[in-house]
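# A closer look at the structure
Chain by chain, the residues:
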Amino acid sequence: MGHRVLIAAELQRLLEADQLAGLDVTWLPADQPTPSGDYVAIVPLLSRWVGGTELKRLPKLKIVANCAVGHDNVDVVAAEIRGVKVTNTPDVLTDATADLAWALILACARQVVAGCELVKSGTWTGWDPELLLGIELRGRTLGLFGAGRIGQAVGRRAVPFGMRILYTARNPRPEFERATGAVRAELSRLLRESDVLSLHVPSVPETKGIINADTLRQMKPSAILINTARGDLVREEALAQALEQGRLGGAGLDVYTDEPTVHPRLRAAPRTVLLPHIGSATAEARRQMAAIAVANVQAVLRGDPPLTAVFG
Ligand code: GLV
């Protein structure tokens, strides 16, 4: 008998048999609650909350191997108290997510979705010198709120577009600064000076709701807000209101506070590009995310340190 493990059923087709060697897998569909039992590992999707109650139901658990780089769906403190390791899937999704942030930046700057909808609707009346005018990125300021792996990857992509880069980070990033000319600054400066403000911080108590009525008021009325990080960094009602009132140039969002529900006012707001949380959705990234999550399980069950520990 192998080690009893719970793995999100949605990952089954991304995994090869040899990656699952020695595991007695129960495939857990996203719409089913976390069961109780003598499972030693769980590999959840980011949509599954793993908190104190779930951990109590799994007394033999050694590891929560989250299949995501974010881990705000796991009560890390409760896990630590119970001696359960928590891992995530960094690096393999950095390029995919940075590419998607840029897809949103370009889509917002050049009204790509509005243009597509116009053509598809059959109501386009022909070339017009003032049709769907956007902004040029050259010489504009990109603000990166957070400059970890993904934030830096978004920043590096800004260099050939000729953008000036400001970033926030707890510690300076000299190599990133050398490669991109980026300048470290406080959030207040990013709010004031950014033409594009892109969010790249985790959802933690200090960052939840950081984009709110007050911070939105400090942004340029032409600025574009990009969020490929976590939905609850943004107060959605305040964002919708800023867009409705013409106090913000646009918003490109891939994440929402209460997924898959999207605030109705945000869905109706003008100048938005709204995607269904597909930042890491490339075949390569998703296969590697599943592989790393299971490799973390295998390492811990062998008694080795996990490959990509959040802690433990
Ligand atoms: C996706 O949102 C992730 O955290 O991997």
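Note that the structure is predicted; figures quoted are calculated from it, not measured.

Reading the values: rules and limits
- Residues numbered from 1 in each chain as written.
- Predicted model: local features only at pLDDT ≥ 70, side-chain atom pairs only at ≥ 80, totals over all residues.
- Heavy atoms only, no water.
- Pairing = 2+ DSSP bridges.
- Helix = DSSP H or I, 4+ residues; strand = E, 2+ residues; numbered from the N terminus.
- Patch = residues over 30% accessible without salt bridge, like charges linked within 9 Å, V, L, I, M, F, W, Y side chains within 5 Å.
- Areas by Shrake-Rupley, 256 points an atom, 1.4 Å probe, with all protein chains shown as cover.
- Salt bridge = Lys/Arg side-chain N within 4 Å of Asp/Glu carboxyl O.
- Buried < 20%, exposed > 50% of the residue type's maximum accessible area, 1.4 Å probe, protein only.
- Expected span 1.5 Å × (residues − 1).
- Near = heavy atom within 4 Å.
- Nonpolar A, V, L, I, M, F, W, Y, C, P; charged D, E, K, R; others polar.
- Axes fitted to C-alpha atoms, helices over the stretch in contact; angles between N-to-C directions.
- Contact = heavy atoms within 4.5 Å.
- Phe/Tyr/Trp six-rings, centres within 6.5 Å; stacked < 30°, edge-to-face > 60°.
- Lys NZ or Arg CZ within 6 Å of the ring centre and 35° of its normal.
- Parallel < 35°, antiparallel > 145°, perpendicular 65-115°, else oblique.
- Left-handed = near helix turned anticlockwise from the far one by under 90°.
- Domains from an automatic or database assignment.
- Buried area = accessible area lost by both parts, 1.4 Å probe.
- Polar contact = N/O pair within 3.5 Å; in protein donor to acceptor, adjacent residues only side chain to side chain.

Strand order in the open sheet formed by seven strands is E8-E7-E6-E9-E10-E11-E12, and the pairing between neighbours is parallel. What marks the edges here is a single partner per strand, and that holds for strand E8 (183-184) and strand E12 (272-274). In terms of strand pairing, strand E6 (residues 141-145) meets strand E7 (residues 164-168) through five bridges, oriented parallel. Residue Leu144 lies in a different strand from E7, and its bridge partner there is Tyr167.

Taken together, the side chains of Val119, Trp124 and Leu131 define a hydrophobic patch exposed on the protein surface, amounting to about 290 Å² of accessible area. You can see Leu131 is positioned in the loop between helix H4 (112-121) and E6. Classification of Leu131 by relative accessible area gives partly exposed; the value is 35%.

With that settled, consider helix H3 (residues 94-109). If you check H3, its first and last C-alpha atoms are 22 Å apart, about what 16 residues at 1.5 Å a residue would give, namely 22 Å. Just downstream of H3 lies Gln111, where phi reads positive at about 55 degrees.

Turning our attention to the site of the ligand. Surveying the vicinity of the ligand reveals the residues Leu46, Ala68, Val69, Gly70, Leu93, Arg230, His277 and Met289. Residue composition of the shell around the ligand, grouped by class: five nonpolar, two polar and one charged.

In this section: the sheet that holds strand E3 (residues 41-43). The sheet built from six strands is open, its strands ordered E2-E1-E3-E4-E5-E13 with mixed pairing. Looking at which strands have only one partner, the edges of the open sheet turn out to be strand E2 (23-28) and strand E13 (309-311). Averaged over all pairs of adjacent strands, the angle between strand axes in this sheet comes to 25 degrees, irrespective of strand direction. Contacting strand E1 (3-8), E2, E3, strand E4 (63-65) and strand E5 (85-87), helix H11 (residues 283-302) crosses the sheet at an angle of about 160 degrees to E4.

So, about the packing of aromatic side chains. Under the counting rule described, the total for this entry stands at two aromatic pairs. With centroids separated by 4.5 Å and ring planes inclined at 15 degrees, the aromatic side chains of Trp102 and Phe161 adopt a geometry described as stacked. Placement of Trp102 in helix H3 and of Phe161 in the loop between helix H5 (149-158) and E7 is noted, with a sequence separation of 59 residues between them. A residue is classified by how much of its surface remains accessible, and Trp102, at 5% relative accessible area, is buried. Judged by its relative accessible area of 31%, Phe161 falls in the partly exposed class. For the pair Tyr167 and Phe176, a centre-to-centre distance of 5.5 Å together with 80 degrees between the ring planes defines the contact as edge-to-face. Overall, Tyr167 belongs to the buried group, its relative accessible area being 0%. If you follow Arg4 out to its NZ or CZ, it ends over the ring of Tyr39, 4.3 Å from the centre.

Here we take up the packing of H3 against H5. Put simply, H3 and H5 touch, their axes get as near as 9 Å, and they point 55 degrees apart. By the angle between their directions, the pair H3 and H5 is classed as oblique. The hand of the H3/H5 crossing is right-handed. Here Thr94, Asp95, Thr97, Ala98, Asp99, Ala101, Trp102 and Ile105 of H3 come into contact with H5, specifically with Arg149, Ile150, Ala153, Val154, Arg157 and Ala158. In terms of residue class, the contact of H3 with H5 is made up of eight nonpolar, two polar and four charged.

Moving on, we come to the pattern of salt bridges. It is possible for side chains bearing opposite charge to pair when their charged atoms get close. Applying the stated rule across the entire model yields 12 salt bridges. For Asp72, the salt bridge is made with Arg230, and the minimal N-O distance between the two is 2.9 Å. Taken as a pair, Asp72 in the loop between E4 and helix H2 (76-81) and Arg230 in the loop between strand E10 (224-227) and helix H9 (236-244) lie far apart in primary sequence, 158 residues in all. The exposure class assigned to Arg230 is buried, which follows from its relative accessible area of 14%. Two residues, Arg149 and Asp91, come together in a salt bridge whose shortest N-O distance is 2.9 Å. Of this pair, Arg149 sits in helix H5 while Asp91 sits in the loop between E5 and H3, and the two are 58 residues apart along the sequence.

Turning our eyes to something else, we now look at the side chain of Thr272. As for its position among the elements, Thr272 is in strand E12. The contact partners of Thr272, leaving out residues within four places of it in the chain, are Leu243, Ala251 and Leu266.

Secondary-structure assignment places Ser280 in the loop between E12 and H11. Aside from chain neighbours lying at most four places away, what touches Ser280 is Leu93, Ala96, Thr97, Ala285, Arg286 and Met289.

This part covers the domain arrangement of the protein. Examined at the domain level, the protein breaks down into domain 1 (3-90 + 283-311) and domain 2 (94-274). Between the C-alpha centres of domain 1 and domain 2 the distance comes to 32 Å. Between domain 1 and domain 2, the residue contacts involve six residues of the former and four residues of the latter. Here domain 1 and domain 2 share an interface that buries about 440 Å² over both sides, 55% of which is from carbon and sulfur atoms. The three residues of domain 1 that bury the most area against domain 2 are Leu46, Asp72 and Pro90, which together make up 72% of that side's buried surface. Our count for the domain 1 to domain 2 interface comes out at one salt bridge. For the interface between domain 1 and domain 2, the tally reads one residue pair in polar contact (both at pLDDT 80 or more). In the side of domain 1 that touches domain 2, the residues fall into four nonpolar, one polar and one charged.

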